Every structure is written in structure tokens, then in C-alpha cells.
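A look at the structure
Listed below, chain by chain, are the residues.
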Amino acid sequence: MPRGPRQERRYTERPRQQGLVQKAMVESVRKLDPRLAVANPVMFVVWCSTVLCLLLTLVPNLLDAQAPAADRGFNALISLTLLATLLFANFAEALAEGRGKAQADALRRTQARTEARRQRPDGSTEMVDSSSLRRGELVLVQAGDVIPADGEVIDGVASVDESAITGESAPVLKEAGSDVAGSVTGGTRILSDQLTLRISADPGKGFIDRMIALVEGAERSKTPNEIALTVLLAVLTQVFLIAVATLSPLAGFLNQAPSAVTLVALLVALIPTTIGGLLSAIGIAGMDRVAQFNVIATSGRAVEACGDVNTLILDKTGTITLGNRLAEEFLPVGGHSSAELAEAALGSSCFDQTPEGRSIVRLAEKLGAALPFVADSASGIDFSARTRMSGTDTAEGLEFRKGAVDSIKGFVRSRGGNVPDELDACFEQVSRLGGTPLAVCRGGEVLGVIYLKDIIKPGIRERFDQLRRMGIRTVMLTGDNPITAGVIAREAGVDDFIAEATPEDKIAVIEQEQKLGKLVAMTGDGSNDAPALAQANVGVAMNSGTQAAKEAANMVDLDSDPTKLIDIVTIGKQLLITRGALTTFSIANDIAKYFAILPALFAGAGLEALNVMKLASPKSAILSAMVFNALIIPALVPLALKGVQFRPLSAQQLLRRNLLVFGLGGVVAPFVGIKLIDLALGALRLV
Amino acid sequence: MARILPIRIWLPLLLVAGTIVVAPQLRHSQPPLQSHTLALLLCGTVALSGYLFAVIAQPEKF
């Protein structure tokens, strides 16, 4: 399980454990209500058994007129043990739910109602309550204001403190016209300057509102794996119910007459109460662990899908390499000088506000270049995935462009120019260094290549090695040319890459993998990522991303860290492994219970030889098995909530290891536990 | 049936009816109170088994 400083950056402080435990204790009593108990088939059978045993404690001869009144004490002990089993299972679920509710409360505290400056159609402003703002309305926010609702920045540049949501204290720059930095979240605070926002959500439907609904409601919808496991547990319970119900006539045939309480004890000991009691707690705790990583999942299904992911599709920039590529060098071609190229590069980048564009401007100015036109009379051409270039058109009719070499070649030829042979050599030279070559032209004239340097994130190769050991394939998507993409892919250790990728390629790759029966996870932040995020089995949107991306994804990363996809997959796998491990443990427990209860039931029919634990008496054996059955639930609550330790191993290795630890452990532990409880009961002279 | 009557009405009715039908069969070995309680327990076990079948058939509803 990866641990790191990121875990401390949570949008909510760790809920106070003591308060949670007290609330969970109260809630575990409330959950004894049969209308709630009926939702869990295994525990409902325990509930019915408890009621029957309590009745037989009050009236020992209720079912059998010959039953001795002396059985009342034993019946009472069994009833109390069954009641404890129910309360422990309820407590586990209530504790897990309590942690989710504490997170929802922490989120709700960020939703303080505030006054907002709503812009009237004539441009003047009026003060209104934030709850009266509607989608599409314009508001003005100034330094110090709390942003009243989710919105898109339509004017201005400002730094915003998003720590209320992300826990990250460093301010974030928000500006108009940017796909990613152009959305703001209600409840965050503007620290400098002012912004004009277009409200993007009606009251109660904002990002935080949805997060609260998700955190609070997450535990209510069962995931496909939970449903499958519920069926398995119900089938096992059904089989044991029929077996125990038919045991009474069978015992009569052997001249044995087990009491109803003894048969009930056998039933409860055999049905999988451990996993039945912990199942929902494991699922809720999985959601909680994802939330601790500052990721909000739309459903438990999404978290669970993470555990089954086979393919990770990762953007190169920001995930595999450090986010910002910086201009390192200008390489002139066609007899042009470095100064000429720097001037053209400056001309093509003066409207480019991306980090790459700004770094080109800085490098050009460092080399002494000056803008060859009046900026006020020129217009910027934005980069697009289709044209794969950006630039500037001047009032004098000059067209400065920079972009992918093939795109610039096409542009130059369309303007009647020639492409110098050196351009390809320069392109290869930069690509082989793992850099991104950007060709620069002025109308039909190519001036050279800008070398944008990419830096691979430290430690990323080791993470990919881990993923490979877990059987997960990594695919890198990049807009770079195949040579650069190949160099970066080799250095980073990804399994496959797609160069010169367009947004459509993302969807194509996802669909192709899904056709092969694989589950795909990906991250995205821009509006153009939204279709792919919706198509992927696990789509993680960055909180800094657009509203469209967040709505299409089934998870939102509040820290906007694309690398976190790897952590999320690990958490999903941990959830599935925990559920599998505890199911194995629960079913393996039955073996020791057979050896405790069956010899006690059929003591007079020659089954004493099965009393391998040498338990003191039949009643002591039954009570010991029941006490162990009850105590094992709270003993496993920490493991259910924390999850079993995750190791990056293949599925076969994990299965082998968990069968050894939880299978063999599940067989051996009850033998030891039941014997110790039997000795303690004997010492206390309880039976 | 659930559409006509809610479960909290028809389930107790079924249990009572089952008890009345089964109890006479058990009277040869137990006095009236015990034979009726035993019959109720049998009907309750059948109802519990029916509930488990319902969970197996429609797990998403539970």
C-alpha cells in the first residue's frame, strides 16, 4: 500500500475516533430493528436465532414439555452470545458508516452561505444570498470573497485558495479562457484580484453537494461483487438451515435429543457470520480509504472496478513526465540565424499562455529577441488537437506558427513555401533526446525547431514495474511524435505508447481494450477528455479540470494529481483482497466449529472421538464455539476497516499467499481460540 | 401478493395459518402449548428459508 505525504493532505481531518466509537455503539443497538436487520441475510438468521433463544430462556419448556428448567442458565448464555454477535456486526457497519458521515459533515462545513455580487444585464451589481444564484447568472468575486457557487471564469485572473476542498494550502491560479484553470468551486476563497464567473450549477447541485451525497449515500448501493458475495452467503446459510432443520429427526433415529438451543447454536456457528457481519463495513471502508487519498468516488462500484483494472491509460504530460515542458534550445534551419528563429518563436508564442509558450517567450527574450510586430494589432491562434499548432496573425498579413513538425510542413506547403531537408534531421535529433521538437515558420518559410525538454518523474519506472507485477498493462498517450514518445516510453518503462494521439484515439484505445474483455482506467481534465472518461471503466477527473470532465468521470481527484490513478487502483485491489481474505477466513473457521459442536450434539452416538480439542463438556464446547464466533467479529473489525496489507504480486501469488495466511489461519485460529475459551469457561465455572 | 397486501400483514397470517394446520400433527408427542409453538417454529423456519431464496433470487433488493 503506497504511503506518502499526500495522505496528510486531506479535505477533512481524521474524524475523532472516540466520538465515532460512541456513536457506533448507539447505532449498533438501533440496527437491531428487524426492518434494518432484514437487509443482511446471514445476520437476519442470527437475529431470528437470538429471538428464539431468548424465548427459550424465559420459558425453557416452550418447545419440549420434558425440557429441564435447569437449561435456563445455558440458554441465557447462548442468547447473550448471539446478541453480542449481532451487536458486534452492527458495530462494525456503524463504525464504517460513521467515518463516511464525518467526511460528509466536514464537506458540509465548507458550504457556508455567503453574499454574492450578482451582475445585472446592464453591468451593475447587486448583493444577493448565494443560495439564490442560478445557473447561467454572472457574479463578480474580489480578493477575500468566498466563491458563492461553482462556476466558469469568464473574465479576469486571480489566485484562489482551494484548501477548504483539497487541503492543499498553495493557492491556484484561475483565469478566463483556460480549459483547465477556468473552473472554480463554491466554498473556495479568492486571494487576489477579481474574477467574473458564470454560475454553472443551481443551488444544491454543485460539486460539493454532489460529493456530500456520494459520501453519505455510497454505503447504500451494493457493488456487483458485494451482490455476488451476498448470494453466496445466502446459499451457504440456506444449505446450513436445511441441514440443521433435518438434523433433529436424524438425531431422534440415533436416540439423541439435541435441544433447540443446541441446534440453533450449531446453525449460527456454521453460517458465515464473520464475513456476513463485516461485508458492508469492508465496502464502506474501501470508499473511506479512497476519500483519505483526497479522491471522491461516485459509487462503490467505481472503487471496486479499480481492483479489477487490467489496463491503465496515462497521459504523458503530468503523469509520466513533469507537467511543464520548457524550451531548452533553438535549432535554426535553412540558413536562418538563431536570432531570426528566436524572433519568430517569440512572435508565434506571444499570445500562448501555456507554460510551454511562456518558456519559449522567456528563452527568446533571454537571447535578445524583440517582437517583430505590434501585439495590439495582432491576433492569437489557439492550439487545437486537430491543427496541432498555434501562433499569431499580424495586421501586416504575416503568419507566425509553431507546432508539430508535420503540421508545420503542411502549413508551409499550403502557403507555397519549401521545407528544408535539415528540418527532418533537427526533428530526429531532438526526438532522440526524448524532447519535443516544435517547428517554427513565418508564412511559407521554415525557420527552425524549438527543443522542448521533458523530464520523467522520479520513481515512475518503479511504479510501472509494480503495476506489471500486478498484471496491469500501462499505455502512454501523447501528442508527441513516435520517436520522442518511444524514447520517453522506454525510459519510463511503460508497456505501450500511442504517439500523435488525438482525443478520439483515447476512446479508440479504451474500446479496443474493452473488446478484449479488459477493464480500463484513465485520467483526464479537459472537456475533450470527457467522452473517454465516460467510456473508461474507471475515469478519474482532476479537480482542476472542467465541469464536463468531472461530470463524465466516476472519480474526482481533489489534488489534481494524475499519478494518483496508480494509488487508486491499489486501493481497489486492496478492497477486493480484503473481502476475499475475510471470506476465506470465515468459511475456514467452520472446520473447528464442526469438531466442537458435532461431538457435543452426538456425544452418546459414538462421536466423542471427534472431540480433538478435549473440550470439558458438551455445553462448554457449544458455548466456547459461540463465544469464539462472536469475538472474532470485533477482532477483525480493524482489519476490515484498514484493509489487508497490499503487496504488488500477481493474482496467483496473491491467491497462494492469502490462502496460506487466511485459509490456513482460518482453520487453525478457531481450534486455539475455542480451546482457550473452553479453559476460561471452566475456570469461571460458567457451564 | 406483496402488491395486494404488505408483508407485515400476510406473513403473520401465513404463519398463523401454517401453525393451525401443522400443530394437530404434533399433538401426539407434545401438549397443546408445545405442539403449537413447535408448529410455529417449523413454519418460521420455512418462512426463513423462503426469505433466503428471495435473497438468492433478487440480491440487489436486500
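Residues numbered from 1 in each chain as written. Chains lettered and ligands numbered in written order. Predicted model: local features only at pLDDT ≥ 70, side-chain atom pairs only at ≥ 80, totals over all residues. Heavy atoms only, no water.

With that settled, the discussion passes to the overall build of chain A. A count of helical and extended segments in chain A gives 23 helices and 22 strands. If you line up chain A on its principal axes, its C-alpha atoms span 110 × 60 × 35 Å. Buried residues in chain A amount to 54% of all 687 residues. Considering only residue pairs separated by 6 or more positions, chain A has 70% of its internal contacts joining residues 24 or more positions apart. Of the accessible surface of chain A, which amounts to about 28300 Å², a share of 57% is contributed by carbon and sulfur atoms. Put simply, chain A has 68 plus and 73 minus side-chain charges, and the middle of one group is 9 Å from the middle of the other. (Helix = DSSP H or I, 4+ residues; strand = E, 2+ residues; numbered from the N terminus. Buried < 20%, exposed > 50% of the residue type's maximum accessible area, 1.4 Å probe, protein only. Contact = heavy atoms within 4.5 Å. Areas by Shrake-Rupley, 256 points an atom, 1.4 Å probe, with all protein chains shown as cover. Lys, Arg positive; Asp, Glu negative; His and termini not counted. Charge placed at Lys NZ, Arg CZ, Asp CG, Glu CD.)

Attention now goes to unusual backbone geometry. Phi is positive for A:Asp193, which is not a glycine, with a value near 55°. Position of A:Asp193 among the secondary structure elements: in the loop between strand E8 (189-190) and strand E9 (194-199).

The next subject is the interface of chain B and chain A. On the chain A side, the residues contacting the 18 residues of chain B number 23 residues. Both faces combined, the contact of chain B with chain A buries some 1800 Å², and carbon together with sulfur accounts for 76% of it. Where chain B packs against chain A, one counts zero salt bridges. At the junction of chain B and chain A, the tally comes to four residue pairs in polar contact (both at pLDDT 80 or more). The class makeup of the residues in the side of chain B that touches chain A is 12 nonpolar, five polar and one charged. (Buried area = accessible area lost by both parts, 1.4 Å probe. Salt bridge = Lys/Arg side-chain N within 4 Å of Asp/Glu carboxyl O. Polar contact = N/O pair within 3.5 Å; in protein donor to acceptor, adjacent residues only side chain to side chain. Nonpolar A, V, L, I, M, F, W, Y, C, P; charged D, E, K, R; others polar.)

The subject of this paragraph is the sheet that holds strand E7 (residues 183-184) of chain A. Within the open sheet, the six strands sit side by side as E2-E1-E3-E9-E4-E7 (chain A). Their pairing is antiparallel. A strand with exactly one partner marks an edge of an open sheet, and here the two such strands are strand E2 (125-129) and E7 of chain A. (Pairing = 2+ DSSP bridges.)

Before going further, it helps to spend a moment on helix H17 (residues 503-515) of chain A. Residue and element names in this part refer to chain A. If you check H17, its first and last C-alpha atoms are 19 Å apart, about what 13 residues at 1.5 Å a residue would give, namely 18 Å. Pro503, Lys506, Val509, Ile510 and Glu513 are the residues of H17 that are buried. Looking down the long axis of H17, one finds its buried residues gathered within 120° of arc, a one-sided arrangement. The exposed residues of H17 that point more than 90 degrees off its buried face are Gln512 and Lys515. With its phi angle positive at about 80°, Gly517 sits one or two positions after the end of H17. (Expected span 1.5 Å × (residues − 1). Arc of directions from axis to C-beta.)

As a further point, take helix H16 (residues 482-492) of chain A. All names here are of chain A. Listing the buried residues of H16 in full gives Thr484, Ala485, Gly486, Val487, Ile488, Ala489 and Ala492. Its buried side turned inward, H16 meets helix H14 (422-432), strand E16 (436-442), helix H15 (460-469), strand E18 (473-477) and strand E19 (496-498). For H16, the N-terminal capping position is held by Asn481, with its side-chain oxygen 2.9 Å away from the main-chain nitrogen of Ile483. Gly493, located one to two residues past H16, shows a positive phi value of around 85°.

Quick look at the nonpolar core now. Ranked by internal contacts, the top residues of the largest apolar core, which has 119 residues, are A:Ile78, A:Leu278, A:Leu312, A:Phe464 and A:Met555. Discounting chain neighbours no more than four positions away, the residues touching A:Ile78 are A:Cys53, A:Val261, A:Ala265, A:Ile622, A:Leu623 and A:Met626. (Core = buried A, V, L, I, M, F, W, Y, C linked by side-chain atoms within 4.5 Å.)

Moving on, we get to the side chain of A:Glu304. All names here are of chain A. Positionally, Glu304 belongs in helix H10 (residues 300-307). Within the structure, Glu304 has its side chain in polar contact with the backbone nitrogen of Asn225 (distance 2.9 Å). Excluding anything up to four places from it in sequence, Glu304 contacts Thr223, Pro224, Asn225, Glu226, Leu575, Leu576 and Arg579.

All names here are of chain A. Look at helix H3 (residues 41-58) against helix H8 (residues 260-270): their axes get within 10 Å of each other, and the N-to-C directions meet at 160°. Classified by the angle between their axes, H3 and H8 sit roughly antiparallel to one another. The two elements H3 and H8 cross, and the hand of that crossing is left-handed. Taking contact as the criterion, the partners of Val45, Val46, Ser49, Leu52, Cys53 and Leu56 in H3 are, on H8, Ala260, Val261, Val264, Leu267 and Val268. (Axes fitted to C-alpha atoms, helices over the stretch in contact; angles between N-to-C directions. Parallel < 35°, antiparallel > 145°, perpendicular 65-115°, else oblique. Left-handed = near helix turned anticlockwise from the far one by under 90°.)

Another aspect to go through is the confidence of the model for chain A. Residue and element names in this part refer to chain A. Residue-level pLDDT values for chain A average 85, and 93% of them are 70 or greater. Mean pLDDT in chain A bottoms out at helix H6 (residues 207-217), which sits at 66, and peaks at H3, which reaches 95. Note that pLDDT drops below 50 for residues 1-15; the model gives that stretch 45 contacts with residues more than four away or on any other chain. (pLDDT = per-residue confidence, 0-100.)

The subject of this paragraph is the sheet that holds strand E12 (residues 326-332) of chain A. All names here are of chain A. The sheet built from six strands is open, its strands ordered E12-E17-E16-E15-E14-E13 with antiparallel pairing. Strand pairing shows two members of the sheet lacking a second neighbour, E12 and strand E13 (379-381), which therefore form its edges. In this sheet, neighbouring strand axes are inclined to one another by 20° on average, regardless of whether the strands run parallel or antiparallel. The pairing of E12 with strand E17 (residues 445-453) spans six bridges and is classified as antiparallel. Looking across to E17, one finds that Ala327 is bridged to Leu452. Helix H12 (residues 355-366) rests against E12, strand E15 (399-403), E16 and E17 of the sheet, and its axis sits at about 55° to E12. Each of E12, E16 and E17 is contacted by H14, which is oriented at about 5° to E17, the strand it contacts most.

The way to describe two aromatic rings as a pair is by their centre distance and the angle between their planes. All chains considered together, the criterion is met by four aromatic pairs over all chains. When the ring of A:Phe44 is compared with that of A:Trp47, the centres are 5.8 Å apart and the planes differ by 10°; the resulting orientation is stacked. Here A:Phe44 pairs with A:Trp47, and both are found in helix H3, just three residues apart, close to one helical turn. Residue A:Trp47 is classed as partly exposed on the basis of its relative accessible area, which comes to 21%. One aromatic cluster is present, formed by A:Phe44, A:Trp47 and B:Tyr51 through successive ring pairs. (Phe/Tyr/Trp six-rings, centres within 6.5 Å; stacked < 30°, edge-to-face > 60°.)

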